[in-house]
Structures are given as C-alpha cells and as structure tokens.
Amino acid sequence: MLSKEIQLEVNKGAMLPLMEEFYTIQGEGFHTGTAAYFIRIGGCDVGCHWCDVKESWNAELHPPTGVDLIVKNASAYADTVVITGGEPLTWDMTLLTQQLKDKNLKVHIETSGAYPLTGTWDWICLSPKKNKLPTQTVYDNAHELKVIIYNKHDFIFAEEQAELVNDNAILFLQPEWSKKEEMTPLIVEYVMNNPKWRVSLQTHKYLNIP
C-alpha cells in the first residue's frame, strides 16, 4: 500500500506507475516504421481478453516513478515519445506531457479512450474496446482510430466507432495477432471495398522487436 504522500503525488500525476520504458520502432498505425521512445504506464480496468500486456493491468505491481525521471530518460533518445499502457488516461497526464513538451518532444498516446482526455498531445491513437467505450473528449480529439479485428462482428463495431469519432481521424483496421492468418485476408478485402479504411499490422512482431 502506498504512503499518503506518494498517493497524493500519483493522484496529481507527479508520479506514475511505470511498467517499462524502451526505445524502438513504432509498429502500428499511422506512424509505423518511425523511431519512438515508449513509456508504458501500469493500470487498466478495460480488461480485453486478448490483451498482450495483461501484466500491465494491476497498477500496484508497478512502482510509482517521478515524472521528472521519466522525462529525463525519454529525452535522451528519440524526438518522439509514445505513452501507452495499460490505460494511460487512468492517470492525469498533464504534468508528464507538459514536461515532455518543454523538452521539445513530440508526444503521442495510445489509448482505449475509456477515461476523459488529459494532457497535451501531438497525436492521439484511439483504439476503442467494446467493454468500456471511449469518452466524448477522446472521440473529439483523436487523430487516428485503430480498431482491432478479432472476429467478423468487429467490422460492425469498427463502423459504429467511425461514426462517433471526429471527421479528421484516420481510420485503421488491425488484425488481432493470434487471429492474423484468419482475419488479415478479410481486412484486406474489407478495405478494398471500403477505402476510407487503411490496414494496420503489428509490424514490430514480424520484426521481433519490442
């Protein structure tokens, strides 16, 4: 259990449950193939059954880490930082993004949108989940909508989400990794028939990098 002092720091976003941080190549969506420093924040109650980082769900397993240290580590690498999780919007992202922007870094987020938007972002990748739908603030501000396709019904969900997101958001369909052989041909056909969508792949997994 956290001390009262640390819990206060976490509540205001001055400390965050840091799971891991690493420098790699962005594997998915609009910025695929570009170098980025990833900051994975622990804590998520969205509970996707196919999540590939379930160890991120319990925030108590990941030590509260000062935003100052997180920013210092990130600024030593690329000029782009991606905040992911877990679900990073569980926490107040204001201080973290403010300090990253003060270092002239581009700041991206990957989020389910399940909580209201906090922080200042250069790019918001919204990947909505059926069991906890996005808040309006994230729909309104998303630059990219990335829907994971696990079964055929997810195409219906994708169209429902496309109706809710802002008109400028770029639309992606991405096969869930364990179903890629089955779903990728369906996605290719769907995008050819519905060219407002683009295909996203988890290229980092094909490249065997984080």
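Starting afresh in each chain, residues are numbered from 1 along the sequence in its written order. Whole-chain, interface and lining totals are the exception, using all residues; otherwise, since this is a predicted model, local features are given only for residues with pLDDT of at least 70 and side-chain atom pairs are given and counted only at 80 or more. Side-chain numbers come from the whole structure's heavy atoms, not from hydrogens or water.

- As annotated in an unreviewed UniProt entry, the protein carries the name 7-carboxy-7-deazaguanine synthase and is attributed to Flavobacterium geliluteum.
- UniProt positions are given in the numbering used here, feature names are shortened, and annotations may be inferred rather than shown by experiment. Regarding the protein, the relevant UniProt record gives this comment under Pathway (unreviewed entry): "Purine metabolism; 7-cyano-7-deazaguanine biosynthesis."
- Comment text from UniProt for the protein, heading Catalytic activity (unreviewed entry), reads "6-carboxy-5,6,7,8-tetrahydropterin + H(+) = 7-carboxy-7-carbaguanine + NH4(+)".

1. Let's talk about helix H2 (residues 67-74)
Part 1: Exposure is judged per residue with a 1.4 Å probe applied to protein chains only, and the accessible area is read against the type maximum: over 50% gives exposed, under 20% gives buried, and values in between give partly exposed. Numbered from the N terminus, helices here are DSSP runs of H or I no shorter than four residues, and strands are runs of E no shorter than two. Regarding H2, the residues found buried are Val 67, Ile 70, Val 71 and Ala 74. For H2, the angular spread of buried residues about the axis comes to 95°, placing them on one side. H2 presents Asp 68 and Lys 72 as exposed residues on the side facing more than 90 degrees away from its buried surface. For this quantity, the arc is that covered by the directions from the helix axis to the C-beta atoms.

2. Regarding the UniProt feature "binding site: S-adenosyl-L-methionine" (unreviewed entry) in the protein
Part 1: As annotated in UniProt, the feature "binding site: S-adenosyl-L-methionine" (unreviewed entry) corresponds to Trp 50, Cys 51, Asp 52, Gly 86, Ser 127, Pro 128 and Lys 129 in the numbering used here.
Part 2: Inspection of the secondary structure puts Ser 127 in the loop between strand E6 (123-126) and helix H4 (136-141).
Part 3: On the accessibility criterion, Ser 127 (9% relative accessible area) is buried.
Part 4: With residues up to four places along the chain from it excluded, the contact list for Ser 127 reads Thr 111, Ser 112, Lys 146 and Ile 148. The contact criterion used throughout is that any non-hydrogen atoms of two residues lie within 4.5 Å.

3. Section: the packing of aromatic side chains
Part 1: Any pair of Phe, Tyr and Trp rings, taking the six-membered ring for Trp, is counted once the centres come within 6.5 Å. Such a pair is stacked with planes under 30 degrees apart, edge-to-face with planes over 60 apart, and tilted for the rest. Following the criterion strictly, the structure yields 6 aromatic pairs and no others.
Part 2: Consider the rings of Tyr 23 and Tyr 77, whose centres lie 5.3 Å apart with planes at 45°: the pair is tilted. A residue pair is termed long-range when its members are at least 10 positions apart, and Tyr 23 in strand E1 (residues 15-25) and Tyr 77 in the loop between H2 and strand E4 (80-85) qualify at 54 residues.
Part 3: Ring geometry for Trp 177 and Tyr 206: centres 5.0 Å apart, planes at 75°, overall edge-to-face. Taken as a pair, Trp 177 in the loop between strand E8 (170-175) and helix H6 (180-193) and Tyr 206 in helix H7 (residues 203-206) lie far apart in primary sequence, 29 residues in all.
Part 4: In textbook terms, an aromatic cluster arises when at least three aromatic residues are bridged by ring pairs, as seen for Tyr 23, Tyr 37 and Tyr 77.
Part 5: A ring is scored as having a charge over it whenever the NZ atom of a lysine or the CZ atom of an arginine sits within 6 Å of its centre and within 35 degrees of its normal. The side chain of Lys 179 reaches across the aromatic face of Tyr 150, ending 4.6 Å from its centre.

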